[in-house]
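Given next are the chains, with one letter for each unit.
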Amino acid sequence: MMVGKRHPASNRQAGPAEVPLYGFQPPVGTPFGLEVSTVQDFFAEHDDWPWNPAHPGRATFHYLIAVTEGELLHDVDHLTRTVVPGQWLWVRPGHTQCWHPPGAARGPFILFEPDVLTPATARLLAPLTAHEAPAVLSPHPDEAAWLHQTALQLLAEHRALGRRPLDVHHALRRSLLEALLLRLANTPGATPTGAATAGTGHSDTYGRFADTLELHFRELHRAADYAELLGCSVRTLSRAARYATGSGVRDLIDERRLLEARRLLGRAQWDARSVAAHLGFTDRANFGRFFRDRTGITPAAYAARSATTGP
């Protein structure tokens, strides 16, 4: 399983601000950015990790888990999600996540890189793959059986490596994955309110920006940095952001940093100095001004309020 202990972190840092970023590293012989297993196999192969002790981390790929038995607890962006039979957990690239001790949860476990999808399918799925889409999906009961069977077919094909030509094997896996995701995309409540759905150049650029922002909001804070990574001009990126959200690129970057600050000061109970370092501020004073200007209170006051009222 590619999320095992041998899975390297690419941005290790010292101290309490460490939230490692994991890249996709499947077992030797697993082709094309897609791995399929089961929750029970994952738990069996990792009897003392990553839940003992539990450590938060982020990944550059998608985690998709269908719970068919038992109950799965999983932290996504510092909130504990409870996933029961019939529901799906979707952890997207850049989400901070943390595993809970293994329980009786059972079901298919699918991991895939964003570029395993064809461009046309990726555009159709943009609202569902967006960072702000719900972490827990509840398909209509009429859809549940079909989704479960398709996931099992995908698992069977994944395990059939070597039985047919490699390009055919991968085409079948990708087709099954895309069919599964497209059907899941029609789950009530799966698409966040206000998500861009037009499939235009604007929404495609914004979607790529949103994914890139989730991976780099800690260290990159200028629109020009993201335009360079995306291979477009700042003007093009700005137009795409305003078309999709009504906000400018810098505002979106600041909003993402502020959201992370609130999560860390609140539920995670980090101190202001650690949050400042984690989010790339030059010092605690700069972070304090940033936070106060946008919330009206200091980081310390917010942390104290969260301790008494909850996040």
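Residues numbered from 1 in each chain as written. Predicted model: local features only at pLDDT ≥ 70, side-chain atom pairs only at ≥ 80, totals over all residues. Heavy atoms only, no water.

Engineer: How would you summarise the overall build of the protein chain if you had to cite specific residues and measurements?
Structural biologist: Per the secondary structure count, the protein chain includes 12 helices and 10 strands. Taken over 311 residues, the protein chain has a buried fraction of 49%. For the protein chain, the proportion of contacts with a sequence separation of at least 24, taken over those separated by at least 6, is 70%. As presented, the protein chain carries roughly 14400 Å² of accessible surface, and 52% of it is formed by carbon and sulfur atoms. (Helix = DSSP H or I, 4+ residues; strand = E, 2+ residues; numbered from the N terminus. Buried < 20%, exposed > 50% of the residue type's maximum accessible area, 1.4 Å probe, protein only. Contact = heavy atoms within 4.5 Å. Areas by Shrake-Rupley, 256 points an atom, 1.4 Å probe, with all protein chains shown as cover.)

Engineer: Residues and numbers for the sheet that holds strand β9 (residues 108-112), please.
Structural biologist: Strand pairs in the sheet, formed through backbone hydrogen bonds, run parallel or antiparallel to each other. If you trace the five strands from one edge of the open sheet to the other, you get β2-β9-β4-β7-β10, paired in antiparallel fashion. With one partner strand each, in any of the chains shown, β2 (34-38) and β10 (136-137) form the two edges of the open sheet. Pairing geometry for β2 and β9, over five bridges, is antiparallel. What sits directly across from L34, in β9, is F112. (Pairing = 2+ DSSP bridges.)

Engineer: So, the sheet that holds strand β8 (residues 97-99): which residues are in play, and what are the values?
Structural biologist: Strand order in the open sheet made by the three strands is β6-β5-β8, with antiparallel pairing throughout. Since the sheet does not close on itself, it has two edges, and those belong to β6 (79-83) and β8, each with one partner. Within this sheet the neighbouring strands show an average axis-to-axis angle of 30°, counted without direction. (Axes fitted to C-alpha atoms, helices over the stretch in contact; angles between N-to-C directions.)

Engineer: Requested: an account of the packing of aromatic side chains, with residues and values cited.
Structural biologist: Evaluated as defined, the whole model comprises 16 aromatic pairs. Pairing F43 with W99 gives two aromatic rings, centres 6.3 Å apart and planes at 80°, and the pair type is edge-to-face. In this pair, F43 is assigned in helix α1 (residues 39-45) and W99 in strand β8, connecting sequence segments 56 residues apart. Take F43 and W99: they sit in the same class, and that class is buried. When the centroid spacing of 5.2 Å and the interplanar angle of 25° are considered together, the rings of F61 and Y63 count as stacked. One aromatic cluster is present, built from ring pairs that chain together F24, F42, F43, F61, Y63, W99 and F109. (Phe/Tyr/Trp six-rings, centres within 6.5 Å; stacked < 30°, edge-to-face > 60°.)

Engineer: Could you give an account of the environment of W99, with specific residues and numbers?
Structural biologist: Here W99 falls in the buried class, since its relative accessible area comes to 8%. With 27 residues separating them along the chain, W99 and L72 place their C-alpha atoms 9.4 Å apart.

Engineer: So, the pattern of salt bridges: which residues are in play, and what are the values?
Structural biologist: If the charged atoms of two oppositely charged side chains come close together, the side chains can form a pair. Taken as a whole, this structure holds nine salt bridges when the rule is applied. Across the salt bridge formed by E157 and R164, the nearest N and O atoms sit 2.9 Å from each other. Residue E157 is classed as buried on the basis of its relative accessible area, which comes to 8%. Taking the relative accessible area as the measure of exposure, R164 reaches 34% and is therefore partly exposed. Measuring nitrogen to oxygen at the nearest pair gives 3.1 Å for the salt bridge that ties R294 to D254. (Salt bridge = Lys/Arg side-chain N within 4 Å of Asp/Glu carboxyl O.)

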